[in-house]
Amino acid sequence: MRRTRRPAGPSAYATFLPAGLRSTGARPPDETWWLWQGHRVQVARRRRPDAGVRVLMVHGVGGHSGALWPFAALIAEQGLDVAAVDLPLYGRTRAPDPRSVRYDDWVRLLLDLVAADDDGRPLVLVGASMGGLLACEVAARSPLVSGVVATCLLDPADRQARARMSPLGVLGVPGSTLLARATGRVGRLMVPVRWVA
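Described below are features of the structure shown in this document. Since this is a predicted model, take the numbers as computed values, not measurements. (Residues numbered from 1 in each chain as written. Predicted model: local features only at pLDDT ≥ 70, side-chain atom pairs only at ≥ 80, totals over all residues. Heavy atoms only, no water.)

Where helix H4 (residues 103-117) contacts helix H5 (residues 130-141), the axes come no closer than 10 Å and their chain directions differ by 55 degrees. Judged by the inter-axis angle, H4 sits oblique to H5. H5 is crossed by H4, and the crossing has right-handed handedness. Where H4 approaches H5, its residues Tyr-103, Trp-106, Val-107, Leu-110, Leu-111 and Val-114 are matched on the opposing element by Met-130, Leu-133, Leu-134, Glu-137, Val-138 and Arg-141. Here the contact of H4 with H5 is composed, by residue class, of 10 nonpolar, no polar and two charged. (Axes fitted to C-alpha atoms, helices over the stretch in contact; angles between N-to-C directions. Helix = DSSP H or I, 4+ residues; strand = E, 2+ residues; numbered from the N terminus. Parallel < 35°, antiparallel > 145°, perpendicular 65-115°, else oblique. Left-handed = near helix turned anticlockwise from the far one by under 90°. Contact = heavy atoms within 4.5 Å. Nonpolar A, V, L, I, M, F, W, Y, C, P; charged D, E, K, R; others polar.)

Moving on to helix H3 (residues 65-77). Between its first and last C-alpha, H3 extends 17 Å over 13 residues, near the 18 Å set by a 1.5 Å rise per residue. The axis of H3 is deflected most strongly, by about 35 degrees, at Phe-71. The first or second residue beyond H3 is Gly-79, which carries a positive phi of 95 degrees. (Expected span 1.5 Å × (residues − 1). Bend = angle between axes of the 7 residues up to and from the residue.)

This paragraph deals with the pairing of strand E4 (residues 81-85). Working note: regular strand, side chains alternate between the two faces of the sheet. Burial within E4 is extensive, with five of its five residues counted as buried. Residues Asp-81, Ala-83 and Val-85 of E4 are buried on one face, and the alternating residues Val-82 and Ala-84, pointing to the opposite face, are buried as well. Where strand E2 (residues 39-46) lies against E4, four bridges are found, and the strand directions are antiparallel. Residue pairing in the sheet places Arg-46 in a bridge with Val-82 of E4. Taken together, the five bridges between strand E3 (residues 54-58) and E4 define a ladder with parallel strand orientation. Among the inter-strand pairings, Arg-54 is bridged to a residue of E4, identified as Asp-81. Note on the crossover from E3 through H3 to E4: the handedness is right-handed. (Buried < 20%, exposed > 50% of the residue type's maximum accessible area, 1.4 Å probe, protein only. Pairing = 2+ DSSP bridges. Right-handed = clockwise from strand over helix to strand, strands pointing away.)

Okay, structure coming up:
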């Protein structure tokens with residue numbers, strides 16, 4: 001399993017909230033763990049069994065549940081049942097073979113998590129950036145999702161979007177195409193997201 005440094009906790013991100021909301025946003029979640037296909041998945045939670053609605057937050061590339069938790073804590077303060085997941089390769093989730101993790105694995109993991117957590121109450125997925133795209137895709141495939149709130153949606157299949165995402169501008173467009181076609185040993189190469197976006 002890949003060992004990485006522990007990501008910053010919610011209190012570090014709560015400093016970006018307006019002063020009157022920081023103490024609520026800094027309240028730590030209950031850390032829970034869920035085993036999925038050899039992955040040890042961290043799910044930050046604030047359970048409210050009497051809440052009429054549940055919320056599952058999904059981070060974007062380079063993010064993790066701790067970065068979203070200040071917002072999740074604010075939602076929980078309104079009486080909702082909230083969870084935020086660390087996708088494989090991010091946060092505190094551990095993958096048995098990090099080089100094999102693909103986008104479709106994240107979709108399958110979220111579909112299974114939605115099913116495993118289902119208790120009959122409506123579920124709203126909240127996704128940031130790539131997490132928003134994942135939330136939309138999971139909602140399209142699962143009848144257990146009642147709604148989606150998504151932010152910062154970029155379609156990497158769109159040439160203009162790729163040029164805006166890349167630190168190299170239009171020079172980054174062919175690189176993403178080459179990475180998508182990579183197979184064999186090259187296809188298992190792990191590239192830090194800061195190199196490409």
